[in-house]
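Descriptive analysis of the structure
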Amino acid sequence: MILWKTIDIAEHERVLLYVRDQFKQVLGPGRHRVSTLKGKVRQETYDITEVVFRHPKEKFLLSHYPEKLAMHLEQFDLKDTEVGLLYRNGHLMNVLAPGSLFTVWKGVEDIRVDVIDINNHYQIEESLIGLLGRGIKIGQSREVVNAIAYAEVVDEHVGLLLVNGKLEKILQPGSYGFWKYNRSIAVKMLDLRLQAMEVSGQEILTKDRVSLRINLTGSYKIKDPQIVASKVNDYAGFIYRELQLSLREIVGTQSLDGLLEDKDALNSVITQSTREKLAEYGIQLMSVGVKDIILPGEMKQILNRVVEAQKEAEANLIKRREETQAMRSLHNAAKMMENNPVLLRLKELEALERVTGKIDKISVYGGLDSVLNDLVKLAPVKT
């Protein structure tokens, strides 16, 4: 019968000693002789260089044998509303979730746990955001990913912080971190820059029952993010529908000719009717413009014929006006020549000059006097 059991323990090891499955003590480095007279001796050996003490009945042992374990183990027990930042030798290494029990071997490393109460204060301090959100090691750990909601608000944007579905605050450009434990955290971004909206392919009937397809464009800016967030679920869809309804309402009161003649007036009316409605929801409408008014094929042909007829009528009117002016000039010239034989003879000579300019050869009989006073006979050129 063996009365003693020898246990050798290395420098980096610790042993939990059990006799008849009852915990007795922690054995340090060296050789130990344990009596077996009181029952079966069992040992659990731990490598303390792993620092963290892990045992299936860890909480039971620490609560029932605090005086035996206090010299060797250090315990960090977090409440349900607390988060722990684990530092090892001055370096932030991990995040401990609320309600965690974290136990380490003493004397191996400098272990520190900074406890943060997150019951009411769930925003992470700016000094920790870089380490927790972007740190090469800590920022990639699964615990940190599950623990932190990280948000970055870029320039010309704002962030809407929603906690448990309720809007808590407006986040200005910058980096933010929030503890996700015990609450739902979401950050919705709003773009404050000038944005464009296209309302395309709207089939609308005019006042005179002509079917048109109109493409509309508009530009807008968000002026009050809090009102937009609290009153409008989908602000882009809301703007689109308001422009669409305004366009349909106004076009339905206008004739085709009126729309084609003055698109700027249509833009102005749509802007005025929509701007006030959008302003109630924190949105500023900057401008509205009709890009295209597209007619059906048959209507295009009809309008082309109308335009062609109008232009032809205008051309005929101009032609008649010019003919009337020419006849008036001829009439005035004839009256002048009727009472002035010399002027009449000059007009005859002028006509003769124009005719002779086209004649290759002229035969004149009777001298210059015959040309001035008698009938001029033009003979064709003989070949």
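Residue positions within a chain follow its written sequence, with the count starting from 1. The model is predicted, so local features are restricted to residues of pLDDT at least 70 and side-chain atom pairs to those at 80 or more, both for listing and for counting; the totals for chains, interfaces and linings are taken over all residues. Neither water nor hydrogens contribute to the side-chain values; these are computed over all heavy atoms in the structure.

1. Digging into the overall build of the chain
To keep it simple, the criterion reads: The numbering of helices and of strands both runs from the N terminus, where a helix is a DSSP run of H or I of at least 4 residues and a strand a run of E of at least 2. Only protein chains enter the accessibility calculation, which uses a 1.4 Å probe. A residue is then buried if its area is under 20% of the maximum for its type, exposed if over 50%, and partly exposed in between. Only heavy atoms matter for contacts: two residues are in contact if any of them lie within 4.5 Å across the pair.
A count of helical and extended segments in the chain gives 11 helices and 18 strands. Considering the chain as a whole, with its 383 residues, one finds that 34% of them fall into the buried category. Here the contacts in the chain between residues at least 6 apart in sequence split such that 65% fall between residues at least 24 apart.

2. Structural notes on the sheet that holds strand 16 (residues 195-205)
Note the threshold: Note: two strands are recorded as paired if DSSP finds a minimum of 2 bridges between them. Here, axes are lines fitted to C-alpha atoms. For helices the fit covers the stretch in contact, and angles between N-to-C directions go from 0 to 180 degrees.
Read from one edge of the open sheet, three strands run 16-17-18, paired in antiparallel fashion. Lying at the two open borders of the sheet, with one neighbouring strand each, are strand 16 and strand 18 (283-294). Adjacent strand axes in the sheet meet at a mean angle of 20 degrees when their direction is disregarded. Judged from the nine bridges that link them, strand 16 and strand 17 (residues 211-222) form a sheet pairing that is antiparallel. Opposite Gln202, over in strand 17, you have Ile214 as the bridge partner. Taken strand by strand, helix 8 (residues 263-279) contacts strand 17 and strand 18, and its axis lies near 145 degrees from that of strand 18.

3. Topic: the sheet that holds strand 7 (residues 82-88)
Two modes of strand pairing occur in sheets, parallel and antiparallel, and in both the strands are linked by backbone hydrogen bonds. Strand order across the open sheet formed by three strands is 8-7-10, with antiparallel pairing between neighbours. Looking at which strands have only one partner, the edges of the open sheet turn out to be strand 8 (91-96) and strand 10 (111-117). When the angles between neighbouring strand axes are averaged without regard to direction, this sheet yields 25 degrees. Alignment of strand 7 against strand 8, held across five bridges, turns out to be antiparallel.

4. Some thoughts on a negative patch on the surface
For clarity, the threshold we go by: Each patch groups residues whose relative accessible area exceeds 30% and which form no salt bridge, using 9 Å between like charges and 5 Å between nonpolar side chains of Val, Leu, Ile, Met, Phe, Trp and Tyr. Here the open area of atoms and residues is found with the Shrake-Rupley method and a 1.4 Å probe, where only the protein chains shown may cover a residue. Only one rule defines a salt bridge in this text: a Lys or Arg side-chain nitrogen within 4 Å of an Asp or Glu carboxyl oxygen. Only four residue types enter the charge count, namely Lys and Arg as positive and Asp and Glu as negative; His and the chain termini do not. In plain terms, the charge of a residue is placed at NZ if it is Lys, CZ if Arg, CG if Asp and CD if Glu.
There is a patch of like negative charges on the surface, built from Asp208, Asp257, Glu261, Asp262 and Asp264. With respect to the helices and strands, Glu261 occurs in helix 7 (residues 256-261). According to the relative accessible area criterion, Glu261 is exposed, its value standing at 69%.

5. What to know about helix 8
One full turn of an α-helix is made of 3.6 residues, so residues set three or four places apart face in the same direction. Put simply, the rule is: Helix span is expected to be 1.5 Å times the residue number reduced by one.
In a regular helix each residue adds 1.5 Å, so 17 residues correspond to 24 Å; helix 8 covers 24 Å between its end C-alpha atoms and thus fits that length. Taken together, the buried positions of helix 8 are occupied by Leu266, Asn267, Ile270, Thr271, Thr274 and Leu278.

6. Quick word on the nonpolar core
Nonpolar side chains in soluble globular proteins tend to end up buried together. For clarity, the threshold we go by: In these notes, a set of buried Ala, Val, Leu, Ile, Met, Phe, Trp, Tyr and Cys residues joined through side-chain atoms within 4.5 Å is what counts as a nonpolar core.
Within the largest apolar cluster, 32 residues are counted, with the highest numbers of intra-cluster contacts made by Tyr235 and Leu243. Of all elements in the fold, only strand 12 (157-163), strand 16, strand 17, helix 6 (235-251), helix 7, helix 8 and strand 18 reach the threshold of two or more residues within this core. Of all the elements, helix 6 adds the most residues to this core, at seven residues. Apart from the residues within four sequence positions on either side, Leu243 is in contact with Met197, Val199, Leu216, Ile270, Thr274, Leu285 and Val288. Residues Leu92, Ile118, Ile129 and Ala147 belong to the second largest nonpolar core, which totals 15 residues.

7. Structural notes on the pattern of salt bridges
Taken as a whole and judged by the stated rule, the model has eight salt bridges. Asp114 is paired through a salt bridge with Arg112; the nearest N and O atoms lie 3.1 Å apart. Its relative accessible area of 28% is what places Asp114 among the partly exposed residues. Since its relative accessible area comes to 37%, Arg112 is described here as partly exposed. Across the pair Lys277 and Glu242 runs a salt bridge whose closest N-O atoms are separated by 3.4 Å. Taken together, the residues span a long stretch of sequence, with Lys277 in helix 8 and Glu242 in helix 6 at a distance of 35 residues.

8. Digging into a nonpolar patch on the surface
A contiguous nonpolar surface patch, about 320 Å² in accessible area, is contributed by Leu3, Trp4 and Leu37. Of note, Leu3 is situated in the segment before strand 1 (4-9).

9. Some thoughts on the confidence of the model for the chain
Here is the rule: Scored between 0 and 100, pLDDT is the confidence that the predictor attaches to each residue.
Across the chain, the average pLDDT comes to 83, with 86% of residues at or above 70. Across residues 375-381, where pLDDT falls below 50, the model places eight contacts with residues more than four positions away in sequence or in other chains.

10. Points about the packing of aromatic side chains
Our working rule: Think of it this way: a Phe, Tyr or Trp ring, Trp meaning its six-membered ring, pairs with another when their centres are within 6.5 Å, and the plane angle makes it stacked under 30 degrees, edge-to-face over 60, tilted otherwise. Cation placement over rings: the criterion is NZ of Lys or CZ of Arg within 6 Å of the ring centroid and within 35° of the ring normal.
Tallied over the full model, the rule gives nine aromatic pairs. Aromatic pair Tyr122 and Phe178: ring centres 6.4 Å apart, planes at 45 degrees, arrangement tilted. Of this pair, Tyr122 sits in the loop between strand 10 and helix 3 (126-134) while Phe178 sits in strand 14 (residues 174-179), and the two are 56 residues apart along the sequence. By way of ring pairs, the aromatic residues Tyr18, Phe23 and Tyr65 are connected into one cluster. Sitting over the ring of Trp4, Arg33 keeps its end group 5.2 Å from the ring centre.

11. Description of the packing of helix 6 against helix 8
Quick note on the threshold: An angle below 35 degrees is treated as roughly parallel, one above 145 as roughly antiparallel, one from 65 to 115 as roughly perpendicular, and anything else as oblique. Should the near helix be turned counterclockwise from the far one by less than a right angle, the crossing is left-handed, whereas a clockwise turn marks it as right-handed.
For the pair helix 6 and helix 8, the least separation of the axes is 10 Å and the interaxial angle reads 135 degrees. Between helix 6 and helix 8, the angle is such that the two are oblique. The handedness of the crossing between helix 6 and helix 8 comes out as right-handed. The segment helix 6 lies against helix 8, with Phe238, Ile239, Glu242, Leu243, Ser246, Leu247, Ile250 and Val251 engaging Leu266, Val269, Ile270, Ser273, Thr274, Lys277 and Leu278.

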